[in-house]
Amino acid sequence: MKKCFELTPCLLAFLCITSCIEDVDNERSKGMFSASQSGFSTIEVYDLGPLNKIDLSIAKAGLEDTGGTVTFSVEQSLLDSLNNADGTSYQLLPPECYTIENATYSVSPGGDRRVTGGSLVYDPHKIYNLCGFDELKYVLPLRVSSTGTPMNSDRTATLYGFIVKEAIVRLASTGGDFVVEGGTTTSPMNLDTEISFENEWDLTTSFATKGADYVDNYNSANSTYYIPLPSDFYTLPDVTIAKGKTTGGSAISLLGETLPPRKLSSSGFTRRT
């Protein structure tokens, strides 16, 4: 006897849903590698002397973790594509400015989902010699390839652009007025300094006064009549920013007991008698 089965709409929908779930599960189970830092990144670094290092790592995805090897290599075509897409004219970072340590390394099955095995070591001072401060001119384009576990085709390129910034110690104080009463200095003028880079040393800053021309120009611009404070009446201390810190402070020492009763500039003080 011939038997016939009718596929109802509900049964068709169930078969379709089952097929979609199987496709999703199969896609999720596929193991793959991806560059942890994918695309173009701008690296801002200070010219402080030591070499700098960037970890070269990959991320693992999927349920099938079979391991393999990854290789980071320089590829000019990545830089050409970036310039064509953005209308830029970045140049390839010269080999003397960097080294790639462990460009190829093994990735074992299991363990962390992010694996670091290589590093990019670069010299900020050599990059500065090529382009100066605060200019993005050189880019290092890296292609990540693998054996064993395949790469995610959307995350195989890592491009680093380098901007070297000048390390500057800034005077954070904005000035003020001394007040001397009976030989005692009140409201002393602070000398506060600050930096914006990572401090690996004990930094000492020395100060010096500007010449009389500076005071003359100030008087001309502001209709004032200051005269420079003679060096016999003050001392300028050094300011130290301790290792690991970004600020330091001290105060100008004023010899108020011999100070003449007049208004002077340093940037300014008043003696009250």
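It should be noted that the structure appears before, not after, this text.
Residues numbered from 1 in each chain as written. Predicted model: local features only at pLDDT ≥ 70, side-chain atom pairs only at ≥ 80, totals over all residues. Heavy atoms only, no water.

1. What to know about the pattern of salt bridges
Applying the stated criterion across every chain, the model contains five salt bridges. As a salt-bridge pair, E101 and K53 come within 3.9 Å of each other at their nearest N and O atoms. Of this pair, E101 sits in strand 6 (residues 98–101) while K53 sits in strand 3 (residues 52–61); the two residues are 48 residues apart in sequence, bridging distant segments of the chain. Overall, the relative accessible area of 36% leaves E101 in the partly exposed class. Here R143 ties to E75 by a salt bridge, and the two come within 3.0 Å at their closest N and O atoms. With R143 in strand 9 (residues 138–148) and E75 in the loop between strand 4 (68–74) and helix 2 (76–86), this residue pair connects regions lying 68 residues apart in the sequence. Each of K60, D65 and R113 takes part in salt bridges that share partners, so that together they form one network. (Salt bridge = Lys/Arg side-chain N within 4 Å of Asp/Glu carboxyl O. Helix = DSSP H or I, 4+ residues; strand = E, 2+ residues; numbered from the N terminus. Buried < 20%, exposed > 50% of the residue type's maximum accessible area, 1.4 Å probe, protein only.)

2. Here we look at the sheet that holds strand 6
Taken together, four strands build an open sheet; the order of strands is 1-3-8-6 and the sheet is antiparallel. With one partner strand each, in any of the chains shown, strand 1 (32–35) and strand 6 form the two edges of the open sheet. Within this sheet the neighbouring strands show an average axis-to-axis angle of 25°, counted without direction. Inspection of the sheet shows strand 1 paired to strand 3 by four bridges, in the antiparallel sense. If you follow F33 over to strand 3, its bridge partner there is K60. (Pairing = 2+ DSSP bridges. Axes fitted to C-alpha atoms, helices over the stretch in contact; angles between N-to-C directions.)

3. Focus on the packing of aromatic side chains
Across all of its chains, the model carries five aromatic pairs by this definition. When the ring of F40 is compared with that of Y90, the centres are 5.9 Å apart and the planes differ by 15°; the resulting orientation is stacked. In this pair, F40 is assigned in strand 2 (residues 39–46) and Y90 in the loop between helix 2 and strand 5 (91–92), connecting sequence segments 50 residues apart. On the numbers, 4.8 Å between centres and 50° between planes, the contact of Y122 with F162 is tilted. (Phe/Tyr/Trp six-rings, centres within 6.5 Å; stacked < 30°, edge-to-face > 60°.)

4. Thoughts on the sheet that holds strand 11 (residues 170–171)
Across the sheet, three strands lie side by side as 11-14-18; this open sheet has antiparallel pairing. Bordering the open sheet on either side are strand 11 and strand 18 (247–251), each of which pairs with just one other strand.

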